[in-house]
There are 2 protein chains.
Amino acid sequence: MKNIEKKAFEFCIANKERLTLPRQLVLKIIARNKKPLKAYDLIDKLRSRLVNIKPPTVYRALDFWQKHNFIHRIESLNAFCICSEDKLHKGAQFIICNSCGEVVESDSCNLPKIIDEFLKKNTFKPLKWNIEINGICQNCS
Amino acid sequence: MKNIEKKAFEFCIANKERLTLPRQLVLKIIARNKKPLKAYDLIDKLRSRLVNIKPPTVYRALDFWQKHNFIHRIESLNAFCICSEDKLHKGAQFIICNSCGEVVESDSCNLPKIIDEFLKKNTFKPLKWNIEINGICQNCS
DNA sequence: TCTCCCTTGATAAATAATAACATTAAAACA
DNA sequence: TGTTTTAATGTTATTATTTATCAAGGGAGA
Ligand SMILES: [Zn+2]
Ligand SMILES: [Zn+2]
Ligand SMILES: [Zn+2]
Ligand SMILES: [Zn+2]
């Protein structure tokens, strides 16, 4: 998982953003966790590295990485996971196993055609979107 | 908006469910509101009709109607709206205007093909899904 | 060094949801 | 009808999640 850290480092250099300790640690912990993490799980895990860590610090780091497409928020879980795609994308889709909790992302660069048609019918200009599918994964079925 | 109340009444008869006062009022208020309502907005609106209304009462009614597909929860807004479809459906999609807050539902009886293929590739059995699209509506553009 | 600006620290509060147990009342049954 | 059973609500308290606000720190450029 060094990859994501390298990517983050290079991103910050290129965009003159500061790779502060809270940001580094938040990203690293999310990246190393197989499953999405809730904000307070993250806080617990950070406690050993950042004394007296408080929610705002974590939420700020989460906002930062979200804004720059390094992580996503899974709305139906109130949890955060690493973006598994290498490029910026306006929409993401997640399949979430109800049994084991595993989450897999696949980006959707373009909205499915049937949705696109619905948007056209409503003259609606999409900016970002989120697709969360609950079900049973291969391992659990 | 009498329709939804009639539908609810008939549903409860047919399924031997109880159409209690909290349930009635919660459904009615959501139905009469053009925009999705947050749980605590609902509580405020209920205060005049149900003395000493408390969160659990409202959340129970919300769970009830959600379970029976009369309302949906918009995950990205923490808010609830009436289901605009007449049939039970496993998935729903919402377009949410970032400017005026209007939300429009269209059911998606079937998942878009491109998503379906992704699920097949992952041997994932979908049970329910949720698609939320943010953007700008016709009125606001 | 000084200043500006971004980031974090710290305190507090707002917002959202649930747990647990008591009470009530409708439904089921004898 | 009277009794039992079940489901829903009432009540109190707590937990979970997120944000607001202002003070303090620290790096980059003048
Ligand atoms: Zn992604
Ligand atoms: Zn699974
Ligand atoms: Zn619906
Ligand atoms: Zn609008």
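Within each chain, residue numbers correspond to sequence positions counted from 1 in written order. Throughout, the order in which chains and ligands are written sets their labels, letters from A for the former and numbers from 1 for the latter. Given that this is a predicted model, residues contribute local features only at a pLDDT of at least 70 and side-chain atom pairs are listed and counted only at 80 or more, while totals for whole chains, interfaces and linings are drawn from all residues. As a rule here, side-chain values cover all heavy atoms of the structure and leave hydrogens and water aside.

1. A look at the coordination of the zinc ion (ligand 4)
All names here are of chain B. Within the protein, Cys-97 (SG), Cys-100 (SG), Cys-137 (SG) and Cys-140 (SG) serve as the donor atoms for the zinc ion (ligand 4), at 2.2 to 2.4 Å. Counted as donors are N, O and S atoms no farther than 2.8 Å from the metal, or 3.2 Å for Na, K and Ca; water is not among the atoms, and sites may therefore look incomplete. All geometry calls rest on donor angles, where a four-donor set with angles between 85 and 135 degrees is tetrahedral, four- and six-donor sets with opposite donors more than 155 degrees apart and all others between 65 and 115 are square planar and octahedral, and all else is irregular. If you look at the zinc ion (ligand 4), its four donor atoms make angles of 108 to 111 degrees with each other, and the shape they trace is tetrahedral. Positions of the donor residues of the zinc ion (ligand 4) along the chain correspond to the pattern C-x2-C-x36-C-x2-C. A residue pair is termed long-range when its members are at least 10 positions apart, and Cys-100 in the loop between β4 (91-97) and β5 (103-107) and Cys-140 in the segment after β6 (125-136) qualify at 40 residues. For the exposure calls, accessible area comes from a 1.4 Å probe over protein chains only, and a residue counts as buried if that area is under 20% of its type's maximum, exposed if over 50%, partly exposed in between. For Cys-140, a relative accessible area of 30% puts it in the partly exposed group. The numbering of helices and of strands both runs from the N terminus, where a helix is a DSSP run of H or I of at least 4 residues and a strand a run of E of at least 2.

2. Quick look at unusual backbone geometry
Although it is not a glycine, A:Lys16 adopts a positive phi angle of roughly 50 degrees. Backbone geometry places B:Asn52, a non-glycine residue, at a positive phi of 60 degrees. With respect to the helices, strands and loops of the structure, B:Asn52 is situated in the loop between α3 (39-46) and α4 (55-67).

3. Some remarks on the protein's contact with DNA strand C
Close contacts around DNA strand C come from 18 residues, with A:Thr20, A:Arg60, B:Lys38, B:Tyr59 and B:Arg73 the closest. A share of 52% of the atoms of DNA strand C within 4 Å of the protein falls on sugar and phosphate groups. Pairs of N or O atoms are called polar contacts if they sit within 3.5 Å, as long as, within protein, a hydrogen donor faces a hydrogen acceptor (for residues adjacent in sequence, only side-chain-to-side-chain pairs). Contact between DNA strand C and A:Thr57: a phosphate oxygen at 3.2 Å from a side-chain N or O atom of the residue. Take B:Lys38: an N or O atom from its side chain is 2.5 Å from a phosphate oxygen of DNA strand C. Throughout, the term near means that a residue has one or more heavy atoms lying within 4 Å of the molecule or strand in question.

4. Brief notes about the state of the cysteines
The disulfide criterion used throughout: a pair of cysteine sulfur atoms within 2.5 Å. The tally for this structure, following the rule as stated, stands at zero disulfides over all chains. Free of any disulfide, B:Cys81 has its nearest neighbouring cysteine sulfur in B:Cys83, separated by 8.0 Å.

5. Describing the interface of chain A and chain B
The interface is formed by 33 residues belonging to chain A together with 33 residues belonging to chain B. Definition used for salt bridges: Asp or Glu carboxyl oxygen within 4 Å of a side-chain nitrogen of Lys or Arg. Seen at the junction of chain A and chain B, the total is zero salt bridges. The interface formed by chain A and chain B holds 10 residue pairs in polar contact (both at pLDDT 80 or more) in total. At the level of elements, β4 (91-97), β5 (103-107), α5 (113-121) and β6 (125-136) of chain A are the ones that each hand at least two residues to the side of chain A that touches chain B. Here the side of chain A that touches chain B gets 12 residues from one element, more than from any other, and that element is β6(A). Gly is placed with the polar residues, together with every amino acid not listed as nonpolar (Ala, Val, Leu, Ile, Met, Phe, Trp, Tyr, Cys and Pro) or charged (Asp, Glu, Lys and Arg). For the side of chain A that touches chain B, the class distribution of residues is 18 nonpolar, 10 polar and five charged. Here a residue-residue contact requires only that any non-hydrogen atoms of the pair lie within 4.5 Å.

6. Here's the deal with the environment of B:Arg18
Residue and element names in this part refer to chain B. Among the structural elements, Arg-18 can be located in the loop between α1 (2-15) and α2 (21-32). Judged by its relative accessible area of 64%, Arg-18 falls in the exposed class. When residues no more than four places from it in sequence are discounted, the contact partners of Arg-18 are Cys-12 and Arg-23.

7. Considering the domain arrangement of chain A
Residue and element names in this part refer to chain A. What counts as a domain boundary in this text is fixed by an automatic or database domain assignment. Once the domains are mapped, chain A shows domain 1 (3-82) and domain 2 (91-135). Centre-to-centre, using C-alpha coordinates, domain 1 lies 23 Å away from domain 2. Both faces considered, domain 1 and domain 2 share a buried interface measuring about 690 Å² in area, 58% of it formed by carbon and sulfur atoms. What gets called buried area is simply the loss in accessible area from a 1.4 Å probe that two parts show on being joined, summed for both. Taken as a group, Lys-35, His-72 and Ile-74 account for 49% of the area that domain 1 buries against domain 2, more than any other trio of residues on that side. Our count for the contact surface shared by domain 1 and domain 2 stands at zero salt bridges. Broken down by secondary-structure element, the contributors of at least two residues to the side of domain 1 that touches domain 2 are β2 (71-74) and β3 (79-82).

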